[in-house]
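Understanding the architecture of this molecule
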Amino acid sequence: MKAVVVGGGVVGLTTAYELASAGCEVTVLEAGKCGAAASHGNAAKIAIAESNPVPAPGVLLQGIKWMLKPDSPLSIRPSLAPGYIKFLLRMAMHCNVRDFEAGLDLHLRLGADANDLFDDYQRAGIDFEMHTKGVLLAFETRERFDEHSESLEAFESAGHIAEHLHGDAVQAAEPALSDRLKHGLFFPNDRQIEPDSLTRGLLAKLDELGATVREGVSVIRFVRSGETVTAVVTNDAEVLATDAVVVAAGVPTGQLLASLGQRLPIYSGKGYSLDYSPAPIQLRTSLTLEDARVAVTPLNGMLRLAGTMEFGSKDDSINEVRVEAIRRAAREAFHSWGEPAGEREAWAGSRPMTPDGLPVIGRLDVARNAYVNSGHSMLGLTLAPGSAKVLTDIMLDRAPSLSPELLARVSPNRF
């Protein structure tokens, strides 16, 4: 099979790797630079312990309350296009207990083999930085701890057992934390991956497997013959014949698929990250400061802070108020933080969000050889290897790991 994969982020590259490993002739088209968008600035972790879908009971109500607070963890911009308003209204319909629990179950199943699959990548010779420090979810108040703990049964059923920490036990687990963090949940199996190293490793492996990767090349249109896509036309007027096309382009996925006649509600949820090199503090584990919604990830020679969800942004410009909120979270959480040197330029990027909070994986109704792998919100790194394997199984008529019921829930044809 000759396949064109549109998108060179972690989801597109892992999909290309699975297809190439199965013997397919693969071409990856990336409009910018591979791994330079949401894949570059993510929280740098396999976040199994934080697989909760974004739509949850009370989320949008909280977002409305936070609209008047410019440094809040969740922002909904009041001036939105009609399509975005419809998207938010559809998301509001999924902010209930039933949909939240079902979405969490699906994420846990899709990410169940993430650690094993990344181990397989390294065994296959893909070179990237990975750590096994676990994650400590740290809380200032018992109220937030109890609220988060309501979903622990689902994690426990999936084999992810958290250690409950209170009082001095929190600082014993992570001595760098100040005593304002009074409660914690430690998940030992979560890992950390430096995303740029993963991009480099996947690109090297794709080259070894004979795949073609072209950067700075965007898709202008798809050529169709009846229900089949026969070619992809690029911005440099090249016509690439293909047996199958996979759109894994993050936020632009929706616009690309609209040109095929199938609209998907994939919109931007902007996030921020801030790197320090050298790391200003030494941590035993990675952390999430739950009250501030800021992830803190130690990597080789650096520390990454990541957080916020901003709905309605039209670009990836930096809002300094939000960056300062992330800095403030670190100052308040770590007793020896101070004003550290080595701060790099802040990053902001758009993550592909869906109204039900679930990824979009599968074949399109409008074309029998057109597929999509997108909409992973903040879990792109966590769910990428599982999603790539599921989609490759679908494309090659192999039995996928997800049941038909779960496949229907991530199908692009559910909207």
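The structure displayed is predicted, hence computed values, not measured ones.

What counts and how
Residues numbered from 1 in each chain as written. Predicted model: local features only at pLDDT ≥ 70, side-chain atom pairs only at ≥ 80, totals over all residues. Heavy atoms only, no water. Helix = DSSP H or I, 4+ residues; strand = E, 2+ residues; numbered from the N terminus. Buried < 20%, exposed > 50% of the residue type's maximum accessible area, 1.4 Å probe, protein only. Contact = heavy atoms within 4.5 Å. Areas by Shrake-Rupley, 256 points an atom, 1.4 Å probe, with all protein chains shown as cover. Axes fitted to C-alpha atoms, helices over the stretch in contact; angles between N-to-C directions. Parallel < 35°, antiparallel > 145°, perpendicular 65-115°, else oblique. Left-handed = near helix turned anticlockwise from the far one by under 90°. Nonpolar A, V, L, I, M, F, W, Y, C, P; charged D, E, K, R; others polar. Bend = angle between axes of the 7 residues up to and from the residue. Salt bridge = Lys/Arg side-chain N within 4 Å of Asp/Glu carboxyl O. Lys, Arg positive; Asp, Glu negative; His and termini not counted. Polar contact = N/O pair within 3.5 Å; in protein donor to acceptor, adjacent residues only side chain to side chain. Phe/Tyr/Trp six-rings, centres within 6.5 Å; stacked < 30°, edge-to-face > 60°.

**Topic: the overall build of the chain**
A count of helical and extended segments in the chain gives 13 helices and 21 strands. Considering only C-alpha atoms, the chain reaches an extent of 65 × 45 × 40 Å along its principal axes. The proportion of buried residues among the 415 residues of the chain is 56%. Long-range contacts, defined here as pairs at least 24 residues apart, represent 75% of the contacts in the chain between residues at least 6 apart. For the chain, the accessible surface area stands at approximately 17,000 Å², while carbon and sulfur atoms represent 50% of it.

**Structural notes on the packing of helix α1 (residues 10-21) against helix α12 (residues 380-395)**
Axis separation between α1 and α12 bottoms out at 8 Å; the angle between their running directions is 40°. With respect to each other, α1 and α12 are oriented oblique. In this structure, the crossing between α1 and α12 has a hand that is right-handed. Side by side, α1 and α12 meet where V10, V11, T14, T15, E18 and L19 of the first sit next to G380, L381, A384, P385, A388, K389, L391, T392 and M395 of the second. The class makeup of the residues in the contact of α1 with α12 is nine nonpolar, four polar and two charged.

**Description of the packing of α1 against helix α9 (residues 195-208)**
At a minimum axis distance of 10 Å, the contact between α1 and α9 shows a crossing angle of 30°. Comparing the axis directions of α1 and α9 gives the class roughly parallel. The handedness of the crossing between α1 and α9 is left-handed. Mapping the contact onto sequence places V10, L13, T14, A16, Y17 and A20 in α1 and L198, T199, L202, L203, K205 and L206 in α9.

**What about α12?**
The axis of α12 is deflected most strongly, by about 30°, at G386. In terms of burial, α12 is a largely internal element, 14 of the 16 residues being buried. Trailing α12 by a residue or two, D397 shows a phi angle of about 60°, which is positive.

**Regarding the pattern of salt bridges**
The final tally for this structure, using the stated rule, is 24 salt bridges. Here E140 and R180 are joined by a salt bridge, their closest N and O atoms 3.4 Å apart. A residue pair is termed long-range when its members are at least 10 positions apart, and E140 in the loop between β6 (135-139) and α6 (142-149) and R180 in the loop between α8 (168-173) and β8 (183-187) qualify at 40 residues. The partner of R142 in a salt bridge is D146, with the nearest N and O atoms 2.9 Å apart. Placement of both R142 and D146 in helix α6 is noted, with a separation of four residues, approximately one turn of the helix. Here the salt bridges do not stand alone but share partners, grouping E320, E324, R327, R331 and E343 into one network.

**Here we look at the side chain of R351**
Following the sequence through the fold, R351 ends up in strand β19 (residues 347-353). In this structure R351 is buried but unpaired, with E310 as the nearest side chain of opposite charge at 8.6 Å. Of the polar contacts made by the side chain of R351, one reaches the backbone oxygen of K270; its length is 3.2 Å. Side-chain polar atoms of R351 contact the backbone oxygen of T308, separated by 2.8 Å. For R351, the contacting residues outside a window of four places in its chain are A38, V251, Y267, S268, G269, K270, G271, T308, M309, S377 and M378.

**Considering the environment of R368**
By the element assignment, R368 lies in the loop between β20 (360-363) and β21 (370-374). Taking C-alpha positions, R368 is 9.6 Å from G226, a pair spaced 142 residues apart along the chain. Residues contacting R368, with those up to four places away along its chain left out, are E227, T228 and R363.

**Here we look at the packing of aromatic side chains**
Overall, the coordinates contain eleven aromatic pairs when judged by the stated rule. Ring centres of Y84 and Y267 lie 4.8 Å apart, and the angle between their planes is 55°; this geometry places the pair in the tilted category. Within this pair, whereas Y84 is found in helix α3 (residues 82-93), its partner Y267 is found in strand β15 (residues 267-276), the two being separated by 183 residues in sequence. Classification of Y84 by relative accessible area gives buried; the value is 7%. What makes Y267 partly exposed here is its relative accessible area of 26%. Taken together, Y17, F118, Y121 and F128 form an aromatic cluster joined through their ring pairs.

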